[in-house]
Amino acid sequence: MTLFIRYTIKWIVTVFAVTLFFGCESNFKEIQKINFSEFVPSSDADKVNLKYTDSGRITAVLVSSKMLDYASVNFPFTEFPKGIDVTLYDKKEKKTFIRSNYAISFKGTSIIDLQGKVKIFTEQGQMLETEQLYFDQKNEWFFTERKFKFTDPKGVSNGQGIDFSKDFKVINSQKITGEVETNE
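From a predicted model like this one, the values you see are computed outputs, not experimental measurements.

Draft legend 1. Here's a closer look at the overall build of the protein chain. When helices and strands are tallied, the protein chain shows two helices and 12 strands. Looking at the protein chain as a whole, 31% of its 184 residues are labelled buried. Put simply, the protein chain shows about 13100 Å² of open surface, and 56% of that area lies on carbon and sulfur atoms.

Draft legend 2. Geometry of the environment of D69. By the secondary structure assignment, D69 is in strand β2 (residues 57-70). Judged by relative accessible area, which is 13%, D69 ranks as buried. Note: C-alpha distance between D69 and A45 (24 residues apart in sequence) is 8.5 Å. Once you skip the residues sitting within four places of it in the chain, D69 turns out to touch P41, S42, S43, F77, T78 and K107.

Draft legend 3. Spatial organisation of the packing of aromatic side chains. Applying the stated criterion across every chain yields a total of six aromatic pairs. Between the aromatic rings of Y134 and F143, the centroid separation amounts to 5.4 Å while the plane-to-plane angle is 20 degrees, which identifies the pairing as stacked. Taking the relative accessible area as the measure of exposure, Y134 reaches 27% and is therefore partly exposed. Judged by centre distance (5.2 Å) and plane angle (15 degrees), the ring pair of F142 and F164 falls under stacked. Taken together, the positions of F142 in strand β9 (residues 141-152) and F164 in strand β10 (residues 155-165) put the pair 22 residues apart, joining distant regions of the chain. When sorted by exposure, F142 lands in the same class as F164, which is buried. Of the aromatic side chains, those joined through ring pairs into one cluster are Y70, F77 and F106.

Calculation notes
- One numbering rule holds for all chains: residues counted from 1, following each sequence as written.
- Note on the predicted model: pLDDT of at least 70 is required for a residue's local features to be given, and 80 or more for side-chain atom pairs to be given and counted; whole-chain, interface and lining totals, by contrast, use all residues.
- Computation of side-chain values: all heavy atoms of the structure, hydrogens and water removed.
- Put simply, DSSP marks the helices as runs of H or I at least four residues long and the strands as runs of E at least two long, and each gets a number from the N terminus on.
- Exposure is judged per residue with a 1.4 Å probe applied to protein chains only, and the accessible area is read against the type maximum: over 50% gives exposed, under 20% gives buried, and values in between give partly exposed.
- Only the protein chains shown count as cover for residues, and the accessible areas themselves come from Shrake-Rupley with a 1.4 Å probe.
- Throughout, a residue-residue contact means that at least one pair of heavy atoms, one from each residue, lies within 4.5 Å.
- Only Phe, Tyr and Trp rings are paired, with Trp represented by its six-membered ring, and only when their centres lie within 6.5 Å; those with planes under 30 degrees apart are stacked, over 60 edge-to-face, the remainder tilted.

Structure below.
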């Protein structure tokens, strides 16, 4: 009788172990997700029209069809995945227009990274085209190391690497080719 009880206990333990082994499905991907924190925006907006002011005077108008704000991450930024249209106003109400297919604004540095068919043009007919351009908001200064095309009523030039003020009054360019009329 004790032999029968031993076999019965062994059989029950074996059935229980096999049931546990096959019943507790190990899903490694689910376990990995436990320690994974999602990178999601703290806010999401469609059809954005932002007006920036200084002492009651409009300094810029930003229009975008999509804005994602990542304010709660270690290095906060705002992303415009569908591009932006910006109008900058100087103190004399002269406008500078900016368009790009994508933009990202880093809050800690006040730098905006414009990407994809970036165009900047003024009411005076000056236009710069490039694939990537940075804008330092604090110093109102643009810069890139990428290839560019600069069109001015005086001519057209191409080059690689340029930095300039938002009103195109100060321009420093590198490796340029083209014909431009000068006052000399």
